[in-house]
Amino acid sequence: MIDALTIEKLEEILKYALSNHLPFFAYRLPNLELINIGVQKDLDLMSFQSFENLKGKHGFVFAPFDSTDKHQSWFIREDLNFSSDQINNLDELSLYKNEVGSFANDAYVEASEADYFSQISDVLKALKGKELDKAILSRIQIEKKDKGLDPSSLFIQLCENYPKAFVSFVSLPGLCSWMGASPELLLKSEKDITETVALAGTLPVISSNLAEIKWGQKEIEEQAFVSDYIEDVFKENSIEGFERKGPFTVQAGQIAHLKTEFKIENKLSFEDKARVITALHPTPAVCGLPKQKALDLINSVETHDREYYAGYWGPLKEDGDFDLYVNLRTMKIAENQLSLFVGGGITADSIPQKEWEETQHKAQTLLSVIRK
């Protein structure tokens, strides 16, 4: 348990970085108490085309949903580092500030229920016409950003409320600020072990006993699409001898998912892991299958820009270890509003009303903290 004084100091660091327009990242890994904050002293942000370009770097990765689109992938340096078990450099932090706004003024328009049903109708038409197997449809829910809302304390509350999620807060002054509590690992590398998961299928949690959750054929098939895709990626990249565990039920906030874990114990080079990241992202869990057809359908049906929603983010170390998570249960923080991005996997058997309700359940991950 992090003590109140340490929490106060962490919030002070985040508030200073925000008010003085310093690029920063803050995160807490799943099932750990340790909160880490990295601050970059200047606005000289590094963009990258491939994860392979980041070999030997130490900092934080922030990539968009569609890397071929107008949004760049960013790397944030860790010039100053702070953590909940070692808060130092506070005097040095006060030496740095930049003259640019922290929060963008751009605003999204919330999709109505009627808009969503119109879009899902187009998706279902493509699915039933056998053009593709699965597609993910997302929408945006808008919350007014009250003057009293403090993003720094909101981040801490997310860490406290969702101990099993990857909780992160990134600010690129003059560009964008995002915060979220993601349940989905994209790829993790620690020493000689590389891990990923297939996380798909969603139902509301109605009991503390997860064994009571009964999965329908739609959710089972949706999860199998993602698991099979990961195995195909491994085979295409000549990765053998991996361990597969699942699927099993896991809880993420107020909802449950089906999860399959994959572990590779063969030592992979940084270049090998970079190729796997490129092949996995965006995963079928946030895009669909076949990937390119699903991506084309998303771009033609969705009326909003996903930007960094369903992209990936996470810390990277000089030795090549990293923890990359899909940017889900997330929101973009603008000057006057919070844009919550939520979505769900659509198959030919999907029922529009249930899919709408699923997005409402997912929005509660953030709303339960924002409206507290």
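Calculation notes
- Residue numbers here run from 1 along each chain, matching the order of that chain's written sequence.
- In keeping with the model being predicted, local features are shown solely for residues with a pLDDT of at least 70 and side-chain atom pairs are shown and tallied solely at 80 or more, while totals for entire chains, interfaces and linings include all residues.
- Just so you know, side-chain values use all the structure's heavy atoms and leave hydrogens and water out.
- The buried label goes to any residue with under 20% of its type's maximum accessible area, the exposed label to any with over 50%, and the partly exposed label to all in between, with areas taken from a 1.4 Å probe on protein chains only.
- The helix and strand labels rest on DSSP assignments: H or I over at least four residues marks a helix, E over at least two residues marks a strand, and numbering proceeds from the N terminus.
- It is the directions from the helix axis to the C-beta atoms whose arc is reported.
- Pairing between two strands requires that DSSP report at least two bridges joining them.
- Throughout this description, the term nonpolar core refers to a set of buried Ala, Val, Leu, Ile, Met, Phe, Trp, Tyr and Cys residues connected via side-chain atoms within 4.5 Å.
- Between two residues, a contact is recorded if the distance between any of their heavy atoms is within 4.5 Å.
- Any Lys or Arg side-chain nitrogen found within 4 Å of a carboxyl oxygen on Asp or Glu counts as a salt bridge.
- Cavities and pockets were defined on a 1 Å grid built from protein atoms only: a cavity is a group of points that admits a 1.4 Å probe but offers it no way out, a pocket is an open group of points flanked by protein on both sides within 12 Å along at least five of seven lines, and a lining residue is one with an atom within 4 Å of any such point.
- Grid points are joined across faces, edges and corners, and a volume is the space filled by probe spheres set on the points.
- Here a pair means two rings of Phe, Tyr or Trp (six-membered ring of Trp) with centres within 6.5 Å. Their orientation is stacked below 30 degrees between planes, edge-to-face above 60, and tilted elsewhere.
- Convention adopted: a line fitted to C-alpha atoms gives each axis, helices being fitted over their contacting stretch, and angles between N-to-C directions are expressed from 0 to 180 degrees.
- Under the scheme applied, nonpolar residues are Ala, Val, Leu, Ile, Met, Phe, Trp, Tyr, Cys and Pro; charged residues are Asp, Glu, Lys and Arg; polar residues are all the others, including Gly.

### Overview of helix α7 (residues 291–301)
(1) Moving on: Buried residues of α7: Lys291, Ala294, Leu295, Leu297, Ile298 and Val301, and no others. One face of α7 carries all of its buried residues, which in axial projection span an arc of 165 degrees.

### Comments concerning the sheet that holds strand β7 (residues 134–144)
(1) Moving on: Taken in spatial order, the nine strands of this open sheet run β6-β2-β1-β8-β9-β17-β18-β7-β14, and their pairing is antiparallel. Looking at strand neighbours, the two that pair on one side only are β6 (80–83) and β14 (288–289), the edges of this open sheet.
(2) Moving on: In this sheet, strand β2 (residues 36–39) lies alongside strand β1 (residues 24–28) in antiparallel orientation, the contact comprising four bridges. In the sheet register, Phe25 faces β2, and the bridge partner there is Gly38.

### Side note on the nonpolar core
(1) Moving on: If you look at the biggest cluster of nonpolar residues, it comprises 77 residues, and the most contacted ones within it are Phe51, Val61, Phe62 and Tyr312.
(2) Moving on: For Tyr312, the contacting residues outside a window of four places in its chain are Phe48, Phe51, Val61, Phe62, Ala63, Leu186, Ile277, His281, Leu324, Tyr325, Val326 and Asn327.

### Details of the environment of Trp356
(1) Moving on: The topology assignment puts Trp356 in helix α8 (residues 352–370).
(2) Moving on: For Trp356, a relative accessible area of 8% puts it in the buried group.
(3) Moving on: Between the alpha carbons of Trp356 and Ile120 there is a distance of 9.4 Å; along the sequence they are 236 residues apart.
(4) Moving on: Leave out the neighbours within four places in its chain, and Trp356 touches Ala111, Ser112, Glu113, Tyr116, Phe117 and Arg139.

### Things to note about the pattern of salt bridges
(1) Moving on: With the rule as written, the count across this model stands at 17 salt bridges.
(2) Moving on: A salt bridge links Glu92 to Lys41, with the nearest nitrogen and oxygen atoms 3.6 Å apart. Taken together, the positions of Glu92 in helix α2 (residues 90–93) and Lys41 in the loop between β2 and β3 (46–48) put the pair 51 residues apart, joining distant regions of the chain.
(3) Moving on: Taking the relative accessible area as the measure of exposure, Glu92 reaches 28% and is therefore partly exposed.
(4) Moving on: The exposure class of Lys41 is partly exposed, given its relative accessible area of 26%.

### Quick word on empty space enclosed by the protein
(1) Moving on: Tallied over the entire structure, the rule returns two cavities of 30 Å³ or more.
(2) Moving on: Taken as a whole, the largest cavity holds about 200 Å³ of empty space.
(3) Moving on: The wall of the largest cavity is formed by 21 residues, among which Ala285, Leu328, Arg329, Gly343 and Lys362 lie closest to the centre.
(4) Moving on: Among the elements that make up the lining of the largest cavity, the one with the highest residue count is strand β18 (residues 337–346) (five residues).

### Let's talk about the pairing of strand β17 (residues 330–333)
(1) Moving on: Neither face of β17 is exposed, since Thr330 and Lys332 on one face and Met331 and Ile333 on the opposite face are all buried.
(2) Moving on: Looking at chain direction, strand β9 (residues 176–182) and β17 are connected through three bridges and run antiparallel. Bridged to Gly180 within β17 is Thr330.
(3) Moving on: The hairpin turn running from β17 into β18, its antiparallel successor, is three residues long.

### With respect to the packing of aromatic side chains
(1) Moving on: On inspection of all chains with the given rule, the structure shows 21 aromatic pairs.
(2) Moving on: Relative to Phe322, the ring of Phe51 lies with its centre 5.2 Å away and its plane at 75 degrees, an arrangement referred to as edge-to-face. Linking Phe51 in the loop between β3 and β4 (59–63) with Phe322 in strand β16 (residues 322–326), this pair joins segments that are 271 residues apart in sequence. Here the two residues Phe51 and Phe322 agree in accessibility, since each one is buried.

### Some thoughts on the sheet that holds strand β11 (residues 193–204)
Each strand in a sheet pairs with another by means of backbone hydrogen bonds, the pair being arranged parallel or else antiparallel.
(1) Moving on: Read across the sheet, nine strands follow the order β3-β5-β4-β15-β16-β10-β11-β13-β12 without closing on themselves; strand pairing throughout is antiparallel. Either end of the sheet is taken by a strand with one partner, and the two such strands are β3 and β12 (243–252). Strand-to-strand twist in this sheet, taken as the mean axis angle between neighbours without regard to direction, amounts to 20 degrees.
(2) Moving on: In terms of strand pairing, β3 meets strand β5 (residues 73–77) through three bridges, oriented antiparallel. When the bridges of β5 are listed, Met46 appears paired with Phe75.

### Focus: the layout of surface pockets
(1) Moving on: What the largest pocket holds in volume is close to 840 Å³.
(2) Moving on: Lining the largest pocket are 33 residues, and of these Pro30, Asn31, Lys164, Pro183 and Lys259 lie nearest its centre.
(3) Moving on: Of all elements in the fold, only β10 (185–190), β11, β12, β13 (255–264) and β16 reach the threshold of two or more residues within the lining of the largest pocket.
(4) Moving on: Approximately 420 Å³ is the volume attributed to the second largest pocket.
(5) Moving on: If you trace the second largest pocket, you find 20 residues lining it, with Tyr27, Leu29, Asn36, Pro315 and Lys317 closest to the centre.
(6) Moving on: Contributing elements (two or more residues each) for the lining of the second largest pocket: β1, β6, β10, β15 (312–316) and β16.
(7) Moving on: Element by element, the count of residues in the lining of the second largest pocket is highest for β10, at three residues.
(8) Moving on: Of the residues contributing to the lining of the second largest pocket, the split by class is nine nonpolar, five polar and six charged.

### Quick word on the pairing of β7
Along any regular strand, the residues point their side chains to alternate faces of the sheet.
(1) Moving on: Of all 11 residues in β7, nine are buried, a share of seventy percent or more.
(2) Moving on: As defined by bridge partners, β7 adjoins β18 across 10 bridges and the pair is classed as antiparallel. Among the inter-strand pairings, Lys144 is bridged to a residue of β18, identified as Gln337.

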